[in-house]
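Each chain is listed here by its residues.
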Amino acid sequence: MRIKALTVRILRQIVRDKRTLGMLIFAPILVLTMLHLVFNGDNYVPKVGLVEIPDAIEKSTDLGDAEITNYDNGTDAEKDLIAQEIDGYLTFSDGKPVIYLEGSDPTKNGETLRWMQSTFVNIQKSPLEELEVNYLHGSSEMGQFDYFGPVLLGFFVFFFVFIIAGVSFIRERTTGTLERLLSTPMRKWEIVSGYVIGFGIVTMIQSTIIAAYTIYVLDMMMEGSFFYLLLIILSLSFTALTLGILISSFANNELQMIQFIPVIVVPQVFFSGLFNLETISNWLSWIGPITPLYYAAEALRDVMVRGFGWNEIYLEIFVLLGFSILFMILNIIALRKYRKI
Amino acid sequence: MNNICVSVKNVTKQFGKHVVLKDINLDILEGEIFGLLGPSGAGKTTLVKELSGLDTPTSGENTVLGQKMPMLNVINRIGYMAQSDALYEDLSAKENLQFFSSLYGLKGIKQQERIREVMKLVDLTDHINKLVFNYSGGMKRRLSLAIALLHEPELLILDEPTVGIDPVLRKKIWDAFYQLNEKGTTIIVTTHVMDEAEKCDRLGLMREGSLIAIGTPTELKQDTHSSSIEEAFLVYGGEVNED
């Protein structure tokens, strides 16, 4: 009864605040769309210089997929390399192929090298047969966005729920309405539960829309079931919600809440698998397993990329729910500051 | 009529080394309007917060309606109005009232009835569907009072209910208090306005965390041979006066 009243009130407030509602739904959609365009754009066409390539080789190779410039000597090629007219050039010294790269942009380096290697396979000493590649998960079509996507989806849900729940709880404190709530017979766990349910409903709608958009409009890879995806996102948003409310008790105003973003939210991105976790220095790697996003990202990737089901993700979901329960208990303890019983 | 409604026994409150309440002893009787008078920082708010269950004493104990505070079922019988208005400005007055009345377990027709009654009492019936954001300061104050009255509390605790309110409106609010008082509601009201103090049945004068005198306005004036409460306050408080 009291929880329901609080839930209804929160929903009314959110529906009335059109801008926040817009931010919850359209901001993630906008950012995900931009990322989609950035990561899934056309492949880079390397600009390659060839210096005194033997005719035999030049005729026998396919020089497509790159902008080719021919040079008569290495000095001209080097000049163009300095002027960034070309990304790299291939020359022969003592009969061996040597590659020079401009080198300041890793993406260009990679693309240039890859092009040279695949084009000049036959001038290497032991030309390999073309290898047949089989994918356990994913495919050769899988873009970077498909790999980052699940993490980003989780991140945006986490980010926006964290901020909105935290800020609205701060408002409750600074306007004195929290004190007023506690001067009624409402119990502390009822307040926390009302918040969780109210915002839970909002995030359920929000994440359905965002997930459906990324999968069906942006065409993100989706091998598993949409239901499991929602289940993971919902568990994650409970965590974000309870953590947001908890953190808000350490902030005195909205601005101080925003200050927690670089401390609490952003670091999670680095440990959630956006970057390879095995390359993180040992003295930092313990951070990953204590951040909620780490588990959510893993579970989301299991469902979206690997097509796994309940047996592979239940552990992560329980960990997320465990986080939520822990934060809820801490919230109830934090509320003791306002009323002992 | 003379049962004890609120009993404060040897109550001291400390925040760190700062002593906010010093050994307060006080009995408030059922059906009276009791005023706590004193300058800001005297400890009035801390004391009424303890009586409404929002704070606990460092030592000593508060008994309200026969039970030691804080106690949830007693909180249910108290109406508390804080110094700040504590309203949801993005909701309408009606939605605020619906929300708070549900917290007290009022629903359906009973809820609608009570909402109508309290809004009539504070003279806001015509503005019930407006967003609180569009309310004036005085209207917010009265809505806040209306919310405290929703569940027909036996004890009403009001922290500076008329601060920043013009005399006409203040009279209206006091008329509402008298109406409730006639029906038997005990009212505790804090104030630092001396002329408001005259309207109470009994007064407690507070200064720097101590209760320096208790009595009816007339008694307090007679005791000190003063013509006003303000003078009486100065006599009880010694020569030092600060506000």
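Being a predicted model, the structure only gives us computed values, none of them experimental.

**Student:** Please clarify how the overall build of chain B should be interpreted in this entry.
**Tutor:** Along chain B, the regular secondary structure elements total nine helices and 10 strands. Expected size for 243 residues packed as a compact globule is a radius of gyration near 18 Å; at 18 Å, chain B falls within 12% of this value. Oriented by its inertia axes, the alpha-carbon framework of chain B measures out at about 55 × 40 × 35 Å. Sorting the 243 residues of chain B into buried and exposed places 43% on the buried side. Put simply, 67% of the contacts in chain B that link residues at least 6 apart link residues at least 24 apart.

**Student:** Teacher, can you tell me more about the nonpolar core here?
**Tutor:** In this structure, F158, V161 and I232 of chain A together with I188 of chain B are the most contacted members of the largest nonpolar core, which totals 134 residues. A total of 18 residues in this core trace back to one element, the largest contributor, which is helix α6 (residues 144–174) of chain A. Setting aside residues up to four positions removed in sequence, I188 of chain B forms contacts with I28, F34, L36, V48, L51, I157 and L158 of chain B. Judged by nonpolar contacts, the second largest core, of 11 residues, contains V51, A77, L81 and I86 of chain A.

**Student:** Which parts of the structure should I look at to understand helix α5 (residues 137–149) of chain B?
**Tutor:** For an α-helix the count is 3.6 residues per turn, leaving residues at separations of three or four pointing the same way. Residues and elements named next belong to chain B. The first and last C-alpha atoms of α5 sit 19 Å apart over 13 residues, in line with the 18 Å expected at 1.5 Å per residue. The complete set of buried residues in α5 reads R141, R142, L143, S144, L145, A146, I147, A148 and L149. On its buried face, α5 is in contact with β6 (78–81), α3 (93–103), α4 (108–121), β7 (155–159) and α6 (167–182).

**Student:** Help me out: how do you make sense of the confidence of the model for chain B in this one?
**Tutor:** As a note on interpretation, predicted positions should not be read in detail where pLDDT is low. Taken as a whole, chain B shows an average pLDDT of 88; of its residues, 97% reach a score of 70 or greater. Interface scoring of the predicted complex returns ipTM 0.85; its pTM is 0.80.

**Student:** Looking at this structure, I do not really get the interface of chain B and chain A. What am I missing?
**Tutor:** With 22 residues of chain B at the contact, the number on the chain A side is 22 residues. Elements that contribute at least two residues to the side of chain B that touches chain A include exactly α2 (72–75) and α3 of chain B. With five residues, the single largest contributor to the side of chain B that touches chain A is α3 of chain B. Here the side of chain B that touches chain A is built from residues that sort into 13 nonpolar, seven polar and two charged.

**Student:** I tried to follow the sheet that holds strand β2 (residues 18–29) of chain B on my own but got confused; where do I start?
**Tutor:** Sheet strands pair via backbone hydrogen bonds, and the direction of the pair is either parallel or antiparallel. Residue and element names in this part refer to chain B. What the four strands build is an open sheet, ordered β2-β1-β4-β5; its pairing is antiparallel. The sheet is open, and its two borders are formed by β2 and β5 (67–68), each paired with just one other strand. Across five bridges, the pairing between strand β1 (residues 4–15) and strand β4 (residues 59–64) is antiparallel. Bridging from a neighbouring strand, V6 pairs with V64 of β4. Its contacts with the sheet put helix α1 (residues 44–51) on β1, β2 and β4, and the angle it makes with β2 is roughly 55°.

**Student:** Explain the pairing of strand β4 (residues 96–101) of chain A here, please?
**Tutor:** Walk down a regular strand and you will see the side chains alternate between the two sheet faces. Residues and elements named next belong to chain A. In this sheet, β4 lies alongside strand β3 (residues 88–93) in antiparallel orientation, the contact comprising six bridges. Looking at the pairing, T91 lines up with V98 of β4. Hairpin connection, β3 to β4: the antiparallel pair is bridged by two residues, and D94 has positive phi, about 55°.

**Student:** Teacher, can you tell me more about the packing of helix α9 (residues 226–248) of chain A against helix α13 (residues 310–334) of chain A here?
**Tutor:** If you want to describe how two helices pack, look at the angle between their axes and the distance between the axes. Residue and element names in this part refer to chain A. At their nearest, the axes of α9 and α13 sit 8 Å apart, and the two run at 20° to each other. Relative to α13, the element α9 is oriented roughly parallel. Relative to α13, the crossing made by α9 is left-handed. For the pair formed by α9 and α13, the contact residues are Y228, L231, I232, S235, L236, F238, T239, T242, L243, I245 and L246 on the first element and W310, I313, I317, L320, L321, F323, S324, F327, M328, L330, N331 and A334 on the second. A breakdown of the residues in the contact of α9 with α13 according to their chemical character gives 18 nonpolar, five polar and no charged.

The rules behind each value
Residues numbered from 1 in each chain as written. Chains lettered and ligands numbered in written order. Predicted model: local features only at pLDDT ≥ 70, side-chain atom pairs only at ≥ 80, totals over all residues. Helix = DSSP H or I, 4+ residues; strand = E, 2+ residues; numbered from the N terminus. Rg over C-alpha atoms; globule rule 2.2 N^0.38 Å. Buried ≥ 20, exposed ≤ 12 C-beta atoms within 10 Å, placed from the backbone. Contact = placed C-beta atoms within 7 Å. Core = buried A, V, L, I, M, F, W, Y, C linked by C-beta atoms within 7 Å. Expected span 1.5 Å × (residues − 1). pLDDT = per-residue confidence, 0-100. Nonpolar A, V, L, I, M, F, W, Y, C, P; charged D, E, K, R; others polar. Pairing = 2+ DSSP bridges. Axes fitted to C-alpha atoms, helices over the stretch in contact; angles between N-to-C directions. Parallel < 35°, antiparallel > 145°, perpendicular 65-115°, else oblique. Left-handed = near helix turned anticlockwise from the far one by under 90°.

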